[in-house]
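# Observations on chain architecture
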Amino acid sequence: MSDDEIILSELSDDELVQQMHDDLYDGLKEEIEEGTNILLERGWEPYKVLTEALVEGMRIVGEDFRDGILFVPEVLLSANAMKAGMFILRPLLAATNAPKQGKLVIGTVKGDIHDIGKNLVGMMMEGAGFDVVDLGINNPVENYLNAIEEHQPDLIGMSALLTTTMPYMKVVIDTMKEKGIRDDYVVLVGGAPLNEEFGKAVGADAYCRDAAVAVETAKQFMKRKHNVHASA
Ligand code: B1M
């Protein structure tokens, strides 16, 4: 071992989180796994590890990707490291014994292969008591329609990270309208380039800024649905 090798377990919480941002940047999967486990052993809530160590680290990666300092192969390594940390957190986030809320079908739209945000939304929704059917990435409208028929969800979630793919959400919603099924489902949309206005323009029920907002929004819609049924 070289003198300057960093022992993660010897770092303070703040230093470790900082180091995890660096390790995520460098795409060091094993270090991210180790750091995630150490923070959990120190009593950190899974959600805090997720947001402060992983999501914040990926935000920094995103900035340097945008500025041309990092390139696709490096960002792919960062994404893999992030996913390894999320893999550890997933069962912990899901094990909350929350009462059953409803069912969500979620996927990244056609042409888009970004899935970290979508996976994170899925994890948080599971933790909040929703059954989640994950369609993965690059989904044409047929995939959403087939999943609706097969799984009879309460909510449809769509994710897009590219300005070139986000308009596809309207294709899905318009197709649902054409088939006369749009109003049978709550449609939630999210992804970094979207905003409230875009959500309205494509005809979604709500735009969700992040996973926590997605959970709260989904819960509110389920509550409304139950109230409508109760008073019918
Ligand atoms: Co891409 N990429 N990428 N990329 N990538 C972005 C999106 C970009 C903004 C980077 C940049 O330039 N700053 C840029 C898009 C620019 C634009 O459209 N204007 C970009 C580009 C250009 C590209 C390529 C075209 C690059 C190329 O090939 N030249 C290419 C496109 C491939 C394709 O999709 N066809 C590409 C590829 C990749 C990788 C494969 C290397 C990798 C993806 C790996 C993977 O996902 N498995 C990657 C990554 C990692 C990023 C950045 C750096 C990080 C995205 C991420 O995971 N963020 C991203 C930079 C950025 O976003 N600032 C970037 C962390 C995640 C937790 O946040 O996904 O926003 P986010 O999800 C949040 C919310 O948005 C929300 O909740 C989540 C959790 O809080 N949310 C939802 C998301 N989906 C939701 C759905 C909901 C609700 C909420 O439904 C209910």
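Residues numbered from 1 in each chain as written. Predicted model: local features only at pLDDT ≥ 70, side-chain atom pairs only at ≥ 80, totals over all residues. Heavy atoms only, no water.

## Digging into the UniProt feature "domain: B12-binding N-terminal" (unreviewed entry) in the chain
Test applied: UniProt positions are given in the numbering used here, feature names are shortened, and annotations may be inferred rather than shown by experiment. The way it works is that DSSP assigns letters per residue, a run of H or I at least four long becomes a helix, a run of E at least two long becomes a strand, and they are numbered from the N terminus.
Within this numbering scheme, the UniProt entry marks residues 7-101 as carrying the feature "domain: B12-binding N-terminal" (unreviewed entry). Between the first and last C-alpha atoms of residues 7-101 the distance is 42 Å; the span itself is 74% helix and 0% strand.

## Describing the site of the ligand
Quick note on the threshold: Only heavy atoms are used to decide nearness, and a residue is near a molecule or strand if one of them lies within 4 Å of it. Under the rule applied, a polar contact is a pair of N or O atoms within 3.5 Å (in protein, one hydrogen donor and one hydrogen acceptor; residues adjacent in sequence only if both atoms are side-chain atoms). A pocket here means an open set of points on a 1 Å grid, computed over the protein atoms alone, that has protein on both sides within 12 Å along at least five of seven lines. A cavity is instead a set of points where a 1.4 Å probe fits but cannot get out; residues with an atom within 4 Å of a point line either one. Any molecule with more than half of its atoms within 2 Å of a cavity's or pocket's grid points is regarded as sitting in that cavity or pocket. In this classification, the charged set is Asp, Glu, Lys and Arg, the nonpolar set is Ala, Val, Leu, Ile, Met, Phe, Trp, Tyr, Cys and Pro, and all remaining amino acids, among them Gly, are polar. For the domains described, the bounds stem from an automatic or database domain assignment.
Every one of the 33 residues lining the ligand counts as a neighbour, but Ile113, His114, Asp115, Ser159 and Thr163 are closest to it. At a separation of 2.8 Å, an oxygen atom of the ligand approaches a polar backbone atom of Ile113. Take Asp115: an N or O atom from its side chain is 2.7 Å from a nitrogen atom of the ligand. With respect to the pocket detection grid, the ligand is positioned in the largest pocket. Secondary structure elements with two or more residues in the shell around the ligand: helix H3 (46-66), helix H4 (72-94), helix H5 (116-127), strand S3 (155-159) and strand S4 (186-190). Of the residues belonging to the shell around the ligand, the class tally is 18 nonpolar, 9 polar and 6 charged. Residue assignment places the shell around the ligand across two domains, with domain 1 (7-98) and domain 2 (99-232) each supplying three or more.

## Observations regarding H4
Residue pairs three or four apart in sequence face the same way in an α-helix, which turns once every 3.6 residues. How we decide: In this analysis, the expected span of each helix is defined as 1.5 Å times one less than the number of residues it contains. A residue's bend is given by the angle between axes fitted to the 7 residues ending at it and the 7 residues starting at it. For every residue, the accessible area obtained with a 1.4 Å probe (protein chains only) is divided by the maximum for its type, and the residue is called buried under 20%, exposed over 50%, and partly exposed between those limits. A contact between two residues is defined here by any heavy atoms of the two lying within 4.5 Å.
Over its 23 residues, H4 runs 31 Å from end to end, which matches the ideal 33 Å to within 8%, given 1.5 Å per residue. The largest bend in H4 amounts to roughly 35° and is located at Ile88, with the proline Pro91 lying one to four residues further along. Taken as a whole, H4 has its buried residues at Val75, Ser78, Ala79, Ala81, Met82, Ala84, Gly85, Met86, Ile88, Leu89 and Leu93. Those residues of H4 that are buried are in contact with helix H1 (13-25), helix H2 (29-41), H3 and H5.

## Here we look at the layout of surface pockets
Rules: Grid points are joined across faces, edges and corners, and a volume is the space filled by probe spheres set on the points.
If you add up the space inside the largest pocket, you get close to 1,400 Å³. If you go around the largest pocket, you meet 46 residues; those closest to its centre are Met58, His114, Ile116, Gly117 and Leu161. Put simply, the parts of the chain that give the lining of the largest pocket at least two residues each are H3, H4, strand S1 (102-108), H5, S3, S4, strand S5 (206-208) and helix H9 (211-231). Considering each element in turn, the lining of the largest pocket owes the most residues, 9 residues, to H3.

## Comments concerning the coordination of the cobalt atom of the ligand
To be explicit about the condition: Donor atoms: N, O and S within 2.8 Å of the metal, or within 3.2 Å for Na, K and Ca. Because water is excluded, sites can look incomplete.
You will see that the cobalt atom of the ligand has only one donor from the protein, His114 (NE2), lying 2.2 Å away. Along the polypeptide, His114 turns up in the loop between S1 and H5.

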